[in-house]
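Overview (structure and organization)
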Amino acid sequence: GSDDPLRGDSQAIKGLGRAFADKTGLEWRYLDDASIGELHPDLPKDQAYDRFFADYGEPEVVLTNSRNLQDRSFASSYVINGNNEELSQLYNPDLPSLVPHHHTEASLADAGQKFRQNFPGLAKPLIALMHIQTGLRHHDLAEKIVTMLKADRIEDATIFLCGTRRTPVTAQIDLLNALRQETGKSGLNIDVKNYLLGPKFNRNEDYNPYAGLIACADHFILSGESKSIVSECLFAGKTVMTFNTAYRDLESHGFTQNLRHHKAEQGFPTRSLRP
């Protein structure tokens with residue numbers, strides 16, 4: 001439908017649909033306004049969808065969420081309608097903070113290769129700081145990261161600040177400034193990279209490093225709340241540090257570590273786990 005194809009719920013539908021088709025042997029099609037427009041560029045959007053279903057028939061199963069259904073009834077289809085969080089609570093009640101996503105081992109390997117081509121020679125460790133919103137505690141987070149680097153006796157590193165479609169520009173700037181101030185006075189050789197996926201970002205011409213960061217990062221920090229991001233990072237096989245948010249179900253299994261309760265003098269709490 002008309003939902004943003006890069007939004008977490010849309011990406012989840014892609015992953016669920018592909019996995020469902022692999023298990024059942026059914027044909028899988030992902031439809032949104034852009035792809036239906038490419039198939040039938042001379043037709044209005046609603047007529048393009050009608051033409052598609054006239055050509056291929058009504059689907060046996062529809063995976064969607066409310067904003068995608070619009071006025072289409074799919075009367076003869078079995079409809080699974082819900083967003084990431086709702087589906088997780090229904091079908092994975094022990095770990096409701098884990099949500100579906102679209103990544104695979106192959107897609108992450110490809111994303112990692114492209115990331116290294118776009119950012120060659122980054123100092124390691126690479127810290128992926130996935131930023132939603134941290135309120136007014138930007139310097140607290142920046143100071144904690146520097147303290148953990150010093151505790152692990154790391155003198156060279158890269159902090160990659162990656163904002164999302166939901167990150168306010170002011171919040172991105174504030175955290176970026178805090179990181180540069182704290183790293184600048186630390187005496188360490190810390191390179192701070194900055195990227196923000198905002199409404200003015202041209203997705204067709206510019207490189208989006210998000211998936212590549214997931215593939216290549218040595219440490220993950222999520223500032224703010226996003227079940228999609230924490231689930232995608234966990235798929236890379238490393239625990240995730242959280243800031244200004246908490247996932248008690250994931251913390252109880254050792255998948256995430258709330259930095260508010262972590263002593264920075266102990267260094268990074270990252271450990272490997274099964275994806």
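The coordinates are above.
Note that the structure is a prediction, hence the values are computed from the model and not measured.

**So, helix H10 (residues 227-235)**
With eight of nine residues buried, H10 is to be regarded as a mostly interior element. Among the residues of H10, Lys 227, Ser 228, Ile 229, Val 230, Ser 231, Glu 232, Cys 233 and Leu 234 are the ones counted as buried. A positive backbone phi angle near 90 degrees is found at Gly 237, which sits one or two residues after H10.

**Thoughts on the side chain of His 103**
If you trace the backbone, His 103 turns up in the loop between helix H5 (84-91) and helix H6 (105-118). Judged by relative accessible area, which is 6%, His 103 ranks as buried. Of note is the side chain of His 103, whose polar atom sits 3.4 Å from the side chain of Glu 232.

**Considerations on the nonpolar core**
Counting 27 residues, the largest nonpolar core has Met 130, Leu 213 and Leu 222 as its most contacted members. At the level of elements, H6, strand E3 (126-131), strand E4 (156-163), helix H9 (210-216), strand E6 (219-223) and H10 are the ones that each hand at least two residues to this core. For Leu 213, the residues in contact, after removing those within four places along its chain, are Phe 115, Leu 126, Ala 128, Met 130, Phe 160, Cys 162 and Phe 220. Leu 141, Ile 159, Leu 176 and Ile 190 belong to the second-largest nonpolar core, a separate cluster that totals 24 residues.

**Some words on the environment of Val 146**
Turning to its location among the elements, Val 146 is positioned in helix H7 (residues 138-151). Take Val 146: its relative accessible area is 7%, and that puts it in the buried class. Sequence-distant contacts of Val 146, defined by excluding residues within four places in its chain, comprise Glu 182, Thr 183, Ser 186 and Leu 188.

**A few points about the sheet that holds strand E7 (residues 240-243)**
Strands sit in the order E5-E4-E3-E6-E7-E8 across an open sheet of six strands; the sheet is parallel. Only two strands of the sheet have a single partner each, and these edge strands are strand E5 (189-196) and strand E8 (256-258). Averaged over all neighbouring strand pairs, the angle between strand axes comes to 20 degrees, with direction disregarded. Sheet contacts for H7: E3, E4, E5, E6 and E7; angle to E3, the most-contacted strand, approximately 165 degrees.

**So, the pattern of salt bridges**
Considering all chains together, one arrives at 10 salt bridges under this definition. With a closest N to O distance of 2.9 Å, Lys 124 and Asp 218 form a salt bridge. Of this pair, Lys 124 sits in the loop between H6 and E3 while Asp 218 sits in the loop between H9 and E6; the two residues are 94 residues apart in sequence, bridging distant segments of the chain. Asp 218 gets classed as partly exposed once you look at its relative accessible area, which sits at 24%.

**Some points on helix H1 (residues 8-24)**
Spanning 17 residues, H1 covers 24 Å between terminal C-alpha atoms, matching the ideal 24 Å at 1.5 Å per step. Turning to H1, its buried residues number three or more, namely Asp 9, Ser 10, Gln 11, Ala 12, Ile 13, Gly 15, Gly 17 and Ala 21. Once H1 finishes, Gly 25 follows within two positions and takes phi at roughly 80 degrees, a positive value.

**Brief notes about the pairing of E6**
Extensive coverage of E6 is indicated by the burial of five of its five residues. Because side chains alternate across E6, one face comprises the buried residues His 219, Ile 221 and Ser 223, and the other comprises Phe 220 and Leu 222, equally buried. In this sheet, E7 lies alongside E6 in parallel orientation, the contact comprising four bridges. The residue of E7 that forms the bridge with Phe 220 is Val 240. For the segment spanning E6, H10 and E7, crossover handedness is right-handed.

Rules behind the numbers
- Residues numbered from 1 in each chain as written.
- Predicted model: local features only at pLDDT ≥ 70, side-chain atom pairs only at ≥ 80, totals over all residues.
- Heavy atoms only, no water.
- Buried < 20%, exposed > 50% of the residue type's maximum accessible area, 1.4 Å probe, protein only.
- Helix = DSSP H or I, 4+ residues; strand = E, 2+ residues; numbered from the N terminus.
- Polar contact = N/O pair within 3.5 Å; in protein donor to acceptor, adjacent residues only side chain to side chain.
- Core = buried A, V, L, I, M, F, W, Y, C linked by side-chain atoms within 4.5 Å.
- Contact = heavy atoms within 4.5 Å.
- Pairing = 2+ DSSP bridges.
- Axes fitted to C-alpha atoms, helices over the stretch in contact; angles between N-to-C directions.
- Salt bridge = Lys/Arg side-chain N within 4 Å of Asp/Glu carboxyl O.
- Expected span 1.5 Å × (residues − 1).
- Right-handed = clockwise from strand over helix to strand, strands pointing away.

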